[in-house]
Amino acid sequence: CLVPQFLVNYAEACAQCGRSTSGMEAIERALRMIEGNEERWCEAEALRVRARLRLATEGPSALLHSGEDLALALQVAESQGSLLFALRALMDMLHL
């Protein structure tokens, strides 16, 4: 099912155009679907986007949780052998 990935893409687009609250709703829905369906191929990317949305919605107070999301995204990507998602998580870590 591609719905979680579509939600991740939508959430990232929301973040880029200042609609972080809508993006956070979409990313939480995507993560629930990933967990419920055991379709974890886009989990790392969902966690990475959630980290960015947390910073956008909660500000500096979300730094710790965003860092945790990015560390988990990196761990998931590496365990799945996904170099692309691992590099994306690392790049976002550098911007914290």
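All values reported here derive from a predicted model rather than from experimental measurement. (Residues numbered from 1 in each chain as written. Predicted model: local features only at pLDDT ≥ 70, side-chain atom pairs only at ≥ 80, totals over all residues. Heavy atoms only, no water.)

1. Structural notes on helix 1 (residues 3-16)
Then comes step 1: A rise of 1.5 Å per residue sets the reference length of helix 1, with its 14 residues, at 20 Å; its end C-alpha atoms lie 20 Å apart and thus fit the reference within 8%.
Then comes step 2: Taken as a whole, helix 1 has its buried residues at Pro4, Gln5, Leu7, Val8, Ala11, Glu12 and Cys14.
Then comes step 3: Contacts from the buried residues of helix 1 go to helix 2 (20-37), helix 3 (43-58) and helix 5 (83-94).
Then comes step 4: Just downstream of helix 1 lies Gly18, where phi reads positive at about 80°. (Helix = DSSP H or I, 4+ residues; strand = E, 2+ residues; numbered from the N terminus. Expected span 1.5 Å × (residues − 1). Buried < 20%, exposed > 50% of the residue type's maximum accessible area, 1.4 Å probe, protein only. Contact = heavy atoms within 4.5 Å.)

2. Quick look at the side chain of Arg54
Then comes step 1: Residue placement: Arg54 occurs in helix 3.
Then comes step 2: Judged by its relative accessible area of 17%, Arg54 falls in the buried class.
Then comes step 3: Beyond its immediate chain neighbours, meaning those up to four positions away, Arg54 contacts Met24, Gly59, Ala62, His65, Ser66 and Asp69.

3. Remarks on the nonpolar core
Then comes step 1: Val8, Ala11, Ile27, Ala44, Ala46, Val49 and Leu53 are the most contacted members of the largest nonpolar core, which has 23 residues in total.
Then comes step 2: Secondary-structure elements contributing two or more residues to this core are helix 1, helix 2, helix 3, helix 4 (63-80) and helix 5.
Then comes step 3: Of the residues forming this core, the biggest block, 7 residues, is contributed by helix 2.
Then comes step 4: The residues contacting Val49, other than those within four sequence positions of it, are Val8, Ala11, Glu12 and Ile27. (Core = buried A, V, L, I, M, F, W, Y, C linked by side-chain atoms within 4.5 Å.)

Coordinates in, geometry out; function isn't part of it.
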